[in-house]
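What follows is each chain in one-letter form.
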Amino acid sequence: MAGDPIGELVALFARLPGIGERTATRLAFFVLESPPELASGLGEALSKLHDRVKRCRTCGNFGADELCNICRDPRRDASIVCVVARVPDLVAIERSGAFRGRYHVLHGLLAPLDGIHPENLPIAELRERVEREGVRELVVATPLTVEGEATALYLADVFGDSGVEVTRIASGMPH
Ligand code: ZN
């Protein structure tokens, strides 16, 4: 199998977000000129990624087990749940260190024109969680986009008369 090993790697790197042709080329040559352990380590981590990473059955966060680190941590306040569109949004909030509650990851936003309706997002699961875990406050941290706002409004509506306080913070990565 001859082919074009460097060209193929450049093409793969260039498919990653924020990586153009030039950076992709630089990365490919960096890996090539590094000790082979880097290439084999990257290869192994990437090839096993989908098998090793699970979605937390409670909050949808990614982790190595059925329950993520945050849901397993008894020091986290279970009565406050921050609702985010995607895991990178959760990571950004965690990095700020300011939030001590738990999360609910929607893995998407309401977008009726694209066929994404409430039943396509884990909102029923959120309702169950609110009842089961005695959640008092939902902090909606969806992005300030049309879909992010529509999702925040929908959540405020759904939980409006349930006795749960729904607050909105500006957050989220552009999608
Ligand atoms: Zn979790």
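Along every chain, residues carry numbers that run from 1 in the direction the sequence is written. Thresholds applied to this predicted model are a pLDDT of at least 70 for local features of residues and 80 or more for the giving and counting of side-chain atom pairs; totals over whole chains, interfaces and linings are not thresholded and use all residues. Values reported for side chains reflect all heavy atoms of the structure, with hydrogen atoms and water molecules removed beforehand.

Trainee: How would you explain a nonpolar patch on the surface if you had to name every residue and give the values?
Mentor: Like-charged residues are merged into a patch within 9 Å and nonpolar side chains (Val, Leu, Ile, Met, Phe, Trp, Tyr) within 5 Å, provided each residue has over 30% relative accessible area and no salt bridge. Only the protein chains shown count as covering a residue, and every accessible area follows the Shrake-Rupley method with a 1.4 Å probe. For this analysis, a salt bridge means a side-chain nitrogen from Lys or Arg found within 4 Å of a carboxyl oxygen belonging to Asp or Glu. Nonpolar side chains collect at one region of the surface, where Phe30, Leu38, Leu42, Leu46, Leu49, Val53 and Phe62 lie side by side and expose about 630 Å² of accessible area between them. Starting at the N terminus, helices and strands are each numbered in turn, a helix being any DSSP run of H or I of at least four residues and a strand any DSSP run of E of at least two. Tracing the backbone shows Phe62 in strand 2 (residues 62-63). Each residue is placed in one exposure class: buried if its accessible area under a 1.4 Å probe, protein chains only, is under 20% of its type's maximum, exposed if it is over 50%, and partly exposed if it falls in between. Given the relative accessible area of 42%, Phe62 is considered partly exposed.

Trainee: So what's going on with the pairing of strand 4 (residues 101-105)? Which residues, and what values?
Mentor: The buried fraction of strand 4 amounts to 5 of the 5 residues, a majority that puts the element mostly inside the structure. Strand pairing is assigned whenever DSSP detects at least two bridges linking the two strands. The sheet contact formed by strand 3 (residues 77-84) and strand 4 spans 5 bridges and is parallel. Opposite Cys82, over in strand 4, you have Tyr103 as the bridge partner.

Trainee: So, the coordination of the zinc ion: which residues are in play, and what are the values?
Mentor: Water is absent from the atoms considered, so a metal site may look incomplete; donors are defined as N, O and S atoms within 2.8 Å of the metal, or 3.2 Å for Na, K and Ca. In the first shell of the zinc ion, the protein supplies Cys56 (SG), Cys59 (SG), Cys68 (SG) and Cys71 (SG), at 2.3 Å from the metal. By the criteria applied here, four donors are tetrahedral when all angles lie between 85 and 135 degrees, four are square planar and six octahedral when opposite donors are over 155 degrees apart and every other angle lies between 65 and 115, and any other arrangement is irregular. What the 4 donor atoms of the zinc ion show is an angle range of 104 to 116° at the metal, which sorts the shape as tetrahedral. Sequence spacing of the donor residues for the zinc ion, all on one chain, is C-x2-C-x8-C-x2-C. Under the relative-accessibility criterion, Cys68 is labelled buried at 1%. The class of Cys71 is buried, set by a relative accessible area of 11%.

Trainee: Give me the lowdown on the sheet that holds strand 6 (residues 165-168), citing residues and values where you can.
Mentor: The 4 strands lie next to each other as 4-3-5-6, forming an open sheet whose pairing is parallel. At either margin of the open sheet sits one strand with a lone partner, and together these are strand 4 and strand 6. Going from strand to strand, the sheet's axes swing by 25° on average, the running direction of each strand aside. Working rule for contacts: check all heavy atoms of both residues, and any pair within 4.5 Å makes them a contact. Interaxial angle, 0 to 180 degrees, is taken between N-to-C directions of lines fitted to C-alpha atoms, where a helix line uses only the stretch in contact. Lying on the sheet, helix 5 (residues 87-96) is in contact with strand 3 and strand 4; it crosses strand 4 at an angle near 160°. Each of strand 3, strand 4 and strand 5 (137-140) is contacted by helix 6 (residues 123-133), which is oriented at about 155° to strand 4, the strand it contacts most.

Trainee: Any chance you could break down unusual backbone geometry for me, citing the residues and the numbers?
Mentor: Located in the positive-phi region is His107, a residue other than glycine, with phi close to 55°. Position of His107 among the secondary structure elements: in the loop between strand 4 and helix 6.

Trainee: Any details on the side chain of Ser34? Residues and values, ideally.
Mentor: Its location among the elements puts Ser34 in the loop between helix 2 (21-33) and helix 3 (36-52). By relative accessible area, which is 15% here, Ser34 ends up buried. By the criterion applied in these results, polar contacts are pairs of N or O atoms within 3.5 Å in which, for protein atoms, one can donate a hydrogen and the other can accept it, and in which residues neighboring in sequence qualify only through two side-chain atoms. Reaching out from Ser34, the side chain makes a polar contact with the backbone oxygen of Phe30 at a distance of 2.7 Å.

Bear in mind that shape data such as this cannot, by itself, settle questions of function.
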